[in-house]
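# Remarks on the overall topology
So you can see what is in the structure, the chains are spelled out below.
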Amino acid sequence: MREVAVLGIGQVKIGEHWDKSLRELAGDAVLSAVKDAGLDQVDALFVGNMMSASANHQQQLGAYIADWVGLRYAEAFKLESACSSGASAFRSALLAVSSGVIDTAVAVGVEKMTDSPGAEITAELATAADSDWEVAQGISFVALNALIMRRYMMEYGWEKKHFAPFSINAHANGVHNPNARFRKPITEKQYLEAGMVSDPINLMDASPIGDGAAAIVLVPADRLHKITGNPMIKVIGSAAATDSIAVHDRKDPLWLKAAAISSQKAYQQAGLSPKDIDFFELHDAFSIMAALSLEASGFAERGKGPQLGLDGQIHPAGKIPIATLGGLKARGHPVGATGMYQLVEVVTQLRHAAKGSQVENATIGMAQNIGGSGSNIITHILERVN
Ligand code: COA
């Protein structure tokens, strides 16, 4: 297998893009990534998206977007794994280039959620859960996570206020990200007094819906310096794992086994352990997911995730910085695009271009994208090598 590096990145600001179609959003991200890469063509396009069929009445995203960006006749597909669709697209592009079958590939994650009323989007998000055993009972995605959070608080003795640092850190970092949905810091008081969505999850525990697209161009590592002067950023670990789609089918609903498996495999490939990771773009769709992801990926002991936030260890100068450009909570969570935003942000940090929330001397970054409530999890590790 060949070593693969990131040649170009592109993204659009997350928001309510009522004036742009799905293909225009994706196209803006792809074209800016291809421009950043210094190329005018790529060989293949991989699209990550969750809900285009229901929210935008559009399938066939491979051909639909390839044609729009001038790649008619190129190989192009859509990958879907709910909220981890973006990382699925990236992993597919990575495998294609590393196998030697494809020379240059672009992965794009795109989602357009705000054209639909909130109730419809809530129903569409719930398709990431088990339709027979979870959704048939009337549960929403927020409610599923609320059950997990309530159970976690009961098992480990945490109170609601102990989760505040996750949201405060994400919003503080989002201020420095021009592409973030929210760019205002919040206080602990605002966190505690935010409106309840599904007890104990309030507005400040939940990621917002939004429209967005982010893209990355991948090439064999030995080609990089022939094309741009950008620092070499290699993908040194990539692994995916699944779990039961229904939370109640898990032996332990408070342990993200797919996160543990995928992160362990990625560490092994990279020859690293959690202490070597300079920052972690985790999937903080809800505060509880940030805690569980830190634990399953080896950054905190079981049941101790919130302690890292309380000890001040998750901000850019801490032991394990997370959500460094706002995370899902403040940058936003256009579901099928999110995994690509995380990876674009890892590259931004490794290029030392993250401005106010730059992690000093960032060399190794990790991203973890979670589909469903822990049922499809993909971990990537990237390294700056010069
Ligand atoms: N955090 C902070 N502020 C938020 C927010 C969030 N998550 N969501 C919305 N807001 C703000 C809006 O900017 C708006 O502010 P304004 O009045 O100053 O303009 C206000 O709250 C109301 O926005 P609105 O879009 O009407 O919110 P809503 O009540 O329809 O939706 C949620 C809020 C939390 C229910 C919705 O964002 C949601 O469903 N989030 C979870 C999405 C999800 O499950 N994703 C998959 C996870 S894997």
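Residues numbered from 1 in each chain as written. Predicted model: local features only at pLDDT ≥ 70, side-chain atom pairs only at ≥ 80, totals over all residues. Heavy atoms only, no water.

## Here we look at the pairing of strand β4 (residues 105-111)
Rules: Relative accessible area decides the class of each residue, using a 1.4 Å probe on protein chains only: under 20% of the type maximum gives buried, over 50% gives exposed, and in between gives partly exposed. Under the scheme used here, helices are H or I runs from DSSP no shorter than 4 residues and strands are E runs no shorter than 2 residues, and both carry numbers assigned from the N terminus. What makes two strands pair is DSSP finding at least two bridges between them.
Burial of β4 is extensive: 7 of the 7 residues sit out of reach of the surface. On β4, burial covers both faces: Ala 105, Ala 107, Gly 109 and Glu 111 on one face and Val 106, Val 108 and Val 110 on the other are all buried. Bridging between β4 and strand β7 (residues 212-220) involves 7 bridges; their strand directions are antiparallel. Paired with Val 110 across the two strands is Ala 213, which belongs to β7.

## Describing the site of the ligand
This is how the line gets drawn: One heavy atom within 4 Å of a molecule or strand is enough for the residue carrying it to be called near that molecule or strand. Counted as a polar contact is a pair of N or O atoms within 3.5 Å, where, for protein atoms, one must be capable of donating a hydrogen and the other of accepting one, and residues adjacent in sequence contribute only when both atoms are in side chains. For every accessible area listed, the method is Shrake-Rupley and the probe measures 1.4 Å; residues are considered covered only by the protein chains on display. Under the convention adopted here, Pro, Cys and the residues Ala, Val, Leu, Ile, Met, Phe, Trp and Tyr are nonpolar, Asp, Glu, Lys and Arg are charged, and Gly plus all remaining residues are polar.
Around the ligand sit 14 residues, and of these Leu 203, Ala 206, Ser 207, Pro 208 and Lys 329 come closest. Between the ligand and Ala 206, the relevant distance is 2.7 Å, taken from a nitrogen atom to a main-chain nitrogen or oxygen of the residue. The backbone of Pro 208 places a nitrogen or oxygen atom 3.4 Å from a nitrogen atom of the ligand. For the ligand, the accessible surface in isolation is 920 Å², of which the surrounding protein chains cover 60%. Here the residues of the shell around the ligand sort into 11 nonpolar, 2 polar and 1 charged.

## Brief notes about the domain arrangement of the protein chain
For clarity, the threshold we go by: Start and end positions for the domains come from either an automated domain assignment or a database one. Any pair of residues with heavy atoms lying within 4.5 Å of one another is described as a contacting pair. Reported buried area values correspond to the accessible surface (1.4 Å probe) lost by two parts on association, with both partners' losses combined. Note on definitions: salt bridges are taken to be side-chain nitrogens of Lys or Arg within 4 Å of carboxyl oxygens of Asp or Glu.
Taken domain by domain, the protein chain comprises domain 1 (4-117 + 209-227) and domain 2 (141-194 + 233-384). Distance from the C-alpha centre of domain 1 to the C-alpha centre of domain 2: 23 Å. Contacts between the two partners involve 46 residues from domain 1 and, on the opposite side, 35 residues from domain 2. Regarding the contact of domain 1 and domain 2, the summed buried area is about 3000 Å², with carbon and sulfur atoms giving 63% of it. Put simply, domain 1 and domain 2 have 2 salt bridges between them. The partner of Glu 16 in a salt bridge is Arg 181, with the nearest N and O atoms 3.6 Å apart. Joining domain 1 to domain 2, the criterion identifies 14 residue pairs in polar contact (both at pLDDT 80 or more). Of all the secondary structure elements, the ones that give two or more residues to the side of domain 1 that touches domain 2 are β1 (4-11), α4 (85-99), β4 and β7. The element contributing the most residues to the side of domain 1 that touches domain 2 is β1, with 8 residues. Grouping the constituent residues of the side of domain 1 that touches domain 2 by class yields 26 nonpolar, 14 polar and 6 charged.

## A word on the packing of helix α6 (residues 141-156) against helix α11 (residues 287-296)
The test is simple: Throughout, an axis means a line fitted to C-alpha atoms (over the contacting stretch in the case of helices), and angles, computed between N-to-C directions, take values from 0 to 180 degrees. Should the near helix be turned anticlockwise from the far one by less than a right angle, the crossing is termed left-handed; should it be turned clockwise, right-handed.
Viewed as axis vectors pointing N to C, α6 and α11 meet at an angle of 65°, and their least axial separation amounts to 9 Å. Relative to α11, the crossing made by α6 is left-handed. Within the contact between the two elements, α6 uses Asn 145, Ile 148, Met 149 and Tyr 152 and α11 uses Ile 288, Met 289, Ala 291, Leu 292 and Glu 295. Among the residues forming the contact of α6 with α11, the class breakdown is 7 nonpolar, 1 polar and 1 charged.

## Here we look at the packing of aromatic side chains
In plain terms, the rule: A pair of Phe, Tyr and Trp rings is counted when the ring centres sit within 6.5 Å of each other, with Trp represented by its six-membered ring. The angle between the planes then sorts it: under 30 degrees is stacked, over 60 is edge-to-face, the rest tilted.
If you walk through the whole model with that rule in mind, you get 4 aromatic pairs. On the basis of an interplanar angle of 35° and a centroid distance of 5.1 Å, the ring pair of Phe 280 and Phe 299 is categorised as tilted. Residue Phe 280 is located in strand β9 (residues 279-281), and its partner Phe 299 is located in the loop between α11 and α12 (305-310); the two are separated by 19 residues in the primary sequence. Looking at Phe 299, the relative accessible area reads 12%, which means it is buried.

## Some remarks on helix α7 (residues 164-174)
Of all 11 residues in α7, 9 are buried; the element is thus mostly enclosed. Every buried residue of α7 is accounted for by Ala 164, Pro 165, Phe 166, Ser 167, Asn 169, Ala 170, His 171, Asn 173 and Gly 174. Tucked inside the fold, the buried residues of α7 contact α8 (188-193), α11, α12 and α13 (327-330).

## Considering helix α14 (residues 335-350)
Rules: In this analysis, the expected span of each helix is defined as 1.5 Å times one less than the number of residues it contains.
Taking 1.5 Å per residue, 16 residues should reach 22 Å; α14 reaches 24 Å between its end C-alpha atoms and fits that length. Most of α14 sits inside the fold, with 16 of its 16 residues counted as buried. Immediately downstream of α14, the backbone of His 352 shows phi near 60°, a positive value.

## Structural notes on the pattern of salt bridges
Inspection of the entire model under this criterion finds 17 salt bridges. A salt bridge links Asp 28 to Lys 20; the shortest N-O distance between them is 2.6 Å.

## Quick notes on unusual backbone geometry
Omega for the peptide link from Asp 199 to Pro 200 comes to 10°, which places this bond in the cis form. Checked against the element boundaries, Pro 200 lands in the loop between β5 (196-198) and β6 (201-202). Phi at Ala 82 is positive, roughly 55°, even though this residue is not glycine. Here Ala 82 is to be found in the loop between β3 (75-79) and α4. Of note, the phi angle at His 352 is positive, near 60°, even though the residue is not glycine. Tracing the backbone shows His 352 in the loop between α14 and β10 (364-371).

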